[in-house]
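One letter stands for each residue in the lines below.
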Amino acid sequence: MKKFLKIDMHTHILPKHLPKFADKFGYGDFIHLKHNEGGSADMYKGDEYFRTINASTWDAELRMKEYREHNTQVQVVCTIPVMFSYWAKPQDTLELSKFLNDDIAQKVLDYPKNYIGLGTVPMQDAKYAVQELERIKEIGLEGIQIGTNINDQNLNEPEFFPIFEAAQELDLAIMVHPWNMMGFHKMRKYWLPWLVGMPAETSRAITSMIFGGVFEKFPNLRVNFSHAGGSFLPTIGRIEHGFNCRPDLVAVDNDINPRDYIGKFWVDSITHDPKLLEYIIDLQGSNRVSLGSDYPFPLGDLEIGKFIEEMDLPDKDKENIFSNAALEWLNLNKSDFLS
Ligand SMILES: [Zn+2]
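How each quantity is defined
- Residues numbered from 1 in each chain as written.
- Predicted model: local features only at pLDDT ≥ 70, side-chain atom pairs only at ≥ 80, totals over all residues.
- Heavy atoms only, no water.
- Helix = DSSP H or I, 4+ residues; strand = E, 2+ residues; numbered from the N terminus.
- Polar contact = N/O pair within 3.5 Å; in protein donor to acceptor, adjacent residues only side chain to side chain.
- Buried < 20%, exposed > 50% of the residue type's maximum accessible area, 1.4 Å probe, protein only.
- Arc of directions from axis to C-beta.
- Contact = heavy atoms within 4.5 Å.
- Donors = N, O, S within 2.8 Å, 3.2 Å for Na, K, Ca; no water.
- Tetrahedral: all angles 85-135°; square planar, octahedral: opposite > 155°, others 65-115°.

Participant: Before we move on, could you go through the environment of Asp125 and cite the residues and values that matter?
Facilitator: Take Asp125: it is sitting in the loop between β6 (115-119) and α4 (126-138). Separated by 3.1 Å, the side chain of Asp125 and the backbone nitrogen of Lys127 make a polar contact.

In structure tokens, the structure reads:
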């Protein structure tokens, strides 16, 4: 089989040690880590246990070793969404963001052919967010990861426009990741926030940005939506029909058909389902579907696109999904990663 350069554009990473931000700032359920004997660490949100992570969440060399086992050379790393901390005082979120962004920048400096970095910014305060975007550019990151909502505000809100404008001007990519899932407290059993809430959150983000005219205002913004765009693409028929039958409700800020935006933004490949991925490639074009895994978490595609390698797709489509789509989204050159 043909050997492809594989870039996994959806992976999460943390510094091995986090300061106790709650003690430092004197309030709030900031995430902290308790390292265990066996080499794992428990994440706590205030006093509440969140999840156990292992060394693959922070150890750059171990990550690269695991990636080599799946023929994948490059990983685009960003923090874990629970770290966004948009609920905190903006200057505190800024300090936390800098800490996380500097850690990612160091990984990129240490392993420039293996790591590409996305930062995080205090989205709840455009002034601080833009300030950190400028710094992110200077320290060598290629974009930012943001939440599907910002403290329950949708991404069409004008208060976010200066951030989108700055990202466009600084030539920084945006990855939109579900978090703070709608209905979280009403459906905690059966992991429903992750199985039902997350795909809905991502559709919420895409539809908000389309109907709010964000892509019209910032036509050069390069946005990639997690988990294959969540439920947006599978329900585009319904969304388009709603736009056509009730423009008085839907088309109040933008009168362009939502279907026209398909293929203008990127989505990752995390579907766990070849049939669905085929449908998404049909809609988006393979140059707008980028290999993602959600490594190192169990709900991710931890074989890093093996199911895509096994699909009966033209080599050109595989090459697009494995590297070209991500490179175009990040505005990077393939030659920088060929070793
Ligand atoms: Zn993820």
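Participant: Any chance you could break down helix α10 (residues 274-284) for me, citing the residues and the numbers?
Facilitator: For α10, the set of buried residues is Leu277, Ile280, Ile281 and Gln284. Summarising the axial view, the buried residues of α10 lie within an arc of 105°, below the 170-degree limit, and thus occupy one face. Across from the buried face of α10, at angles greater than 90 degrees, the exposed residues are Lys275 and Asp282. If you follow the buried residues of α10, they end up packed against β10 (266-268), β11 (289-290), α11 (306-309) and α12 (315-330). Among the residues of α10, the N-terminal cap falls to Asp273, whose side-chain oxygen and the backbone nitrogen of Lys275 are separated by 3.0 Å. Where α10 terminates, the next one or two residues include Gly285, which has phi positive at roughly 85°.

Participant: Go over the coordination of the zinc ion with me, naming the residues and quoting the values.
Facilitator: In this structure, His10 (NE2), His12 (NE2), His177 (NE2) and Asp294 (OD) serve as the protein donors to the zinc ion, at separations of 2.0 Å. Bound by four donor atoms, the zinc ion shows angles of 89 to 158° at the metal and therefore irregular coordination geometry. Counting along the primary sequence, the residues that act as donors to the zinc ion give the motif H-x1-H-x164-H-x116-D. His12 sits in the buried class, given a relative accessible area of 1%.

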